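# Chain and residue survey
Chain by chain, the residues:
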Amino acid sequence: MKLPEPPRREPEENVIPMINIVFLLLIFFMVAGTLEPHSPLSVDPAESERGAELAGDPLRVLIDAEGQMAVDQDVVDDREQLRERLKAALAEAPERPVEVKADADADSARLLDVMDDLREVGAERMQLMTRREH
Amino acid sequence: MRIEEAPRRRRLVSLTPLIDVVFILLIFFMLASTFVEWQAFGVDAPADGAAEEAQDEEPLRLYVTNDGYRLGDESVGPDALRSRLEEVGRDDAERRLLVIPAAGAPVRAVILALDSAAAAGLEDVGVLREEAPE
C-alpha cells in the first residue's frame, strides 16, 4: 500500500527573518553591553559628569551603603581583614590600580578608612568609581 | 530518454539547532550584560597633613558637611558650589584643593565636590580626613 507522503514542512521562508532579527539583537547586546564580574555587595554608585577612563585589570574594593566592604569577590568583616586581603593582593603587583566602588549613600568616613588602608599597604594608584551621568 | 532531474537546491543544514543556540546566547547576553558606564576620579590621598603645609601656598579647603559645603570659612550650598569653584579655577587653576568630608557625610556629596572641582578645571585635588582643630 502506498502511503501518501507526509506534507513537507518548509519552515525556512518564515524563519529566516526571525533569525536575522535575533542575530541583530545578539550582536547589539554583545557589542553595547559589558560583562562584569558578579559583585558580592549591591553598590549603587554616585553619578558624576566628569571622570577619567578606567585603568585595566584593577583590584576592586567595594563599599555598600551599610559600610560593608569587599575585595574583589570576597566580603571582609573589618578593616583588619581588609588590610590583609589588600596586602596579599598587592604584594605581587604594587602598581596594580585599585578601583574603589562606593555606594552613594555610604559614609565618607568609611571611604577615608579604606583610603588610609590602601595607602598603608602601599597601593600606588587609586580610583574612585562613579557612574556616568547623562 | 530520461532527462536528469534538475539538481535540487541543497537544503540548508537544519536551522532549528542553530536558532536554539543563538537564542540561548541572546538570553545570556541580555541577562549578563550591563549598560552602566563607569568612570573614575583618580584620588590621591595625601600622606599626612604635615606634608601639605610645606607648600608655599596654603591649599584651599573644602569641607563637606552633612548639610552642604564650607569653602574656607564661607558656607556654600550644593547648587552654588560649582560656580564658586569655577571662580576659584578662573582665579588660579593651579590652586590645590583639599576636600575634607565630615564624619557622616555621604560619598555622594564628596563625589559632587570632586565633580565640581573637575568641571572648574582644578586638577590638584586631594581628599583628606577631617582633623581635630589644633
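All of the points below concern the structure found in this document.

Conventions we followed
Residues numbered from 1 in each chain as written. Chains lettered and ligands numbered in written order. Predicted model: local features only at pLDDT ≥ 70, side-chain atom pairs only at ≥ 80, totals over all residues. Heavy atoms only, no water. 1 Å grid on protein atoms, 1.4 Å probe; cavity = no way out; pocket = protein on both sides within 12 Å on 5 of 7 lines; lining within 4 Å. Points joined across faces, edges and corners; volume = space filled by probe spheres on them. Helix = DSSP H or I, 4+ residues; strand = E, 2+ residues; numbered from the N terminus. Nonpolar A, V, L, I, M, F, W, Y, C, P; charged D, E, K, R; others polar. Core = buried A, V, L, I, M, F, W, Y, C linked by side-chain atoms within 4.5 Å. Buried < 20%, exposed > 50% of the residue type's maximum accessible area, 1.4 Å probe, protein only. Contact = heavy atoms within 4.5 Å. Salt bridge = Lys/Arg side-chain N within 4 Å of Asp/Glu carboxyl O. Polar contact = N/O pair within 3.5 Å; in protein donor to acceptor, adjacent residues only side chain to side chain. Pairing = 2+ DSSP bridges.

Another point: empty space enclosed by the protein. Applying the stated rule across the entire model yields 1 cavity of 30 Å³ or more. Its boundaries defined by the atoms lining it, the largest cavity holds a volume of some 30 Å³. Lining the largest cavity are Met18, Ile19 and Val22 of chain A together with Ile19, Val22 and Phe23 of chain B. Going through the elements one at a time, helix H1 (12-32) of chain A together with helix H1 (15-32) of chain B are the ones with two or more residues in the lining of the largest cavity. In terms of residue class, the lining of the largest cavity is made up of 6 nonpolar, no polar and no charged.

Among soluble globular proteins, nonpolar side chains are generally buried collectively. In this structure, Leu97, Val99 and Leu114 of chain B are the most contacted members of the largest nonpolar core, which totals 50 residues. Aside from chain neighbours lying at most four places away, what touches Val99 of chain B is Leu62, Val64, Val110, Ala113, Leu114, Val125, Gly126, Val127 and Leu128 of chain B.

Rolled over the atoms, a probe as big as a water molecule pinpoints where empty space is left. In this structure, the largest pocket encloses a volume near 300 Å³. Taken together, 16 residues make up the lining of the largest pocket; nearest its centre are Glu36, Leu54, Glu99 and Met129 of chain A together with Trp38 of chain B. Its residues placed into classes, the lining of the largest pocket shows 6 nonpolar, 2 polar and 8 charged.

Attention now moves to the interface of chain B and chain A. Listed by partner, the interface residues are 43 residues for chain B and 52 residues for chain A. On the surface where chain B and chain A come into contact, there are 5 salt bridges. In this structure, Asp105 of chain A engages Arg108 of chain B in a salt bridge whose closest nitrogen and oxygen atoms are separated by 2.6 Å. Applying the counting rule to chain B against chain A returns 17 residue pairs in polar contact (both at pLDDT 80 or more). Looking at the side of chain B that touches chain A, the elements that each hand over two or more residues are H1, strand S1 (33-34), strand S2 (38-42) and helix H4 (107-119) of chain B. Sorting elements by how many residues they give to the side of chain B that touches chain A places H1 of chain B first, with 9 residues. The residue inventory of the side of chain B that touches chain A, partitioned by class, reads 31 nonpolar, 5 polar and 7 charged. Judged from the 2 bridges that link them, strand S1 (residues 34-35) of chain A and S1 of chain B form a sheet pairing that is antiparallel. Directly across from Leu35 of chain A, in S1 of chain B, lies its bridge partner Ser33 of chain B.

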